[in-house]
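Now for the letters of each chain:
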Amino acid sequence: MKVFFDRPAPTVAIDLIGATFEVAGVGGLIVETEAYTDEDPASHSFKGQTRRNRAMFGSSASVYVYRSYGMHWCLNFVSRPGSAVLIRALEPLTGLDVMRQRRGLDRLALLCSGPGRLCQALGVTDDLDGWSLAEDPFHLVSPNEPRTVSTGLRIGITKAADIPWRFGLNGSAFLSKRL
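Notes on the structure in this doc start here.

Quick notes on the rules
- Residues numbered from 1 in each chain as written.
- Predicted model: local features only at pLDDT ≥ 70, side-chain atom pairs only at ≥ 80, totals over all residues.
- Heavy atoms only, no water.
- Helix = DSSP H or I, 4+ residues; strand = E, 2+ residues; numbered from the N terminus.
- Buried < 20%, exposed > 50% of the residue type's maximum accessible area, 1.4 Å probe, protein only.
- Pairing = 2+ DSSP bridges.
- Axes fitted to C-alpha atoms, helices over the stretch in contact; angles between N-to-C directions.
- Left-handed = near helix turned anticlockwise from the far one by under 90°.
- Contact = heavy atoms within 4.5 Å.
- Core = buried A, V, L, I, M, F, W, Y, C linked by side-chain atoms within 4.5 Å.

Thoughts on the environment of Gly-123
Here comes step 1: Along the chain, Gly-123 falls in the loop between helix H5 (115-122) and strand S6 (138-141).
Here comes step 2: The class for Gly-123 is partly exposed, based on a relative accessible area of 34%.
Here comes step 3: In this structure, the C-alpha to C-alpha distance between Gly-123 and Ala-55, residues 68 residues apart in sequence, is 19 Å.

What follows is the structure, given as C-alpha cells:
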C-alpha cells in the first residue's frame, strides 16, 4: 500500500477515483478527491509542520484528519510527507443505515457528498488522525475497472485556486459539486 501512496499527490488523487473505501464496514466508492502538496500555498503543510498538521508529514498511506472552519472533519490520505489527498465524496455502498443515522437524512446523494458530510457518515474524527490505512478500521481496495476521471479547480480555497487538482468520477451523481 505504501508504494501506491508514495507518489505525487495529484497522481494518487486521480488513481483513488473508483477505489472502494470503508471505515469499520461503512463506506463506498471514492468519486471525488483533491490534491495538496508541500509546495502548494493552499496546503496545510506549506508553512511547515505544526502540531495540527503533524500527521500530514507522517508515513505514506496514513490518515490526516483536520477540522474545517471549526465545524466539520476532513479526511486526507498522505501520499508523500507534506502531501495529501482530500477525500471529497463517496458513492455510498455499505453501511447505509449507519450513514443515514449519523447524518440524520435519507437522501443517498447527500450522505457523503462533501468532505464534512463524508466524515460524519463514516464516523471519522480526529481520533483517527495519523492512523495507517493498512490497519483496521480502514479498508481500501483499488479500482478494478476502467473509469473516466474529470479534472477541475479545487473548492473553498483562495490561494493557488487556479491549480486544477480536483478530480471526479465522470458522470457521478455523488460529487460535492459538478466538475
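Don't stop here, the text continues.
A few points about the pairing of strand S3 (residues 63-68)
Here comes step 1: Most of S3 is tucked away: 5 of the 6 residues are buried.
Here comes step 2: Alignment of S3 against strand S4 (residues 72-78), held across 6 bridges, turns out to be antiparallel. Across the sheet, Val-65 pairs through a bridge with Leu-75, a residue of S4.

Concerning the packing of helix H3 (residues 96-103) against H5
Here comes step 1: Look at H3 against H5: their axes get within 7 Å of each other, and the N-to-C directions meet at 115 degrees. For the pair H3 and H5, the crossing hand works out as right-handed. Between H3 and H5, the residues in contact are Met-99, Arg-102 and Arg-103 and Arg-117, Gln-120, Ala-121 and Leu-122, respectively.

A closer look at the nonpolar core
Here comes step 1: Among the nonpolar cores identified, the biggest contains 40 residues, and Leu-16, Phe-21, Ile-30, Leu-75, Phe-77 and Leu-122 are the most heavily contacted of them.
Here comes step 2: By residue number, the principal contributor to this core is strand S2 (residues 26-36), which donates 5 residues.
Here comes step 3: Leave out the neighbours within four places in its chain, and Leu-16 touches Phe-4, Phe-5, Ile-30, Thr-33, Phe-77, Val-85, Ile-87 and Leu-140.
Here comes step 4: Membership of the second largest hydrophobic core comes to 12 residues, among which are Ala-55, Cys-74, Val-78 and Ala-84.

Looking at unusual backbone geometry
Here comes step 1: Note that the residue after Asp-136, namely Pro-137, is joined by a cis bond; omega there is 15 degrees.
Here comes step 2: Counting through the fold element by element, Pro-137 comes out in the loop between H5 and S6.
Here comes step 3: One non-glycine residue with positive phi stands out, namely Ala-61, at about 70 degrees.
Here comes step 4: The residue Ala-61 is located in the loop between S2 and S3 in this model.
Here comes step 5: Here the phi dihedral of Ala-160 falls at roughly 55 degrees; this positive angle occurs in a residue that is not glycine.
Here comes step 6: Relative to the helices and strands, Ala-160 resides in the loop between strand S7 (149-152) and strand S8 (166-169).

So far we have only geometry, and geometry alone does not tell us how the molecule works.
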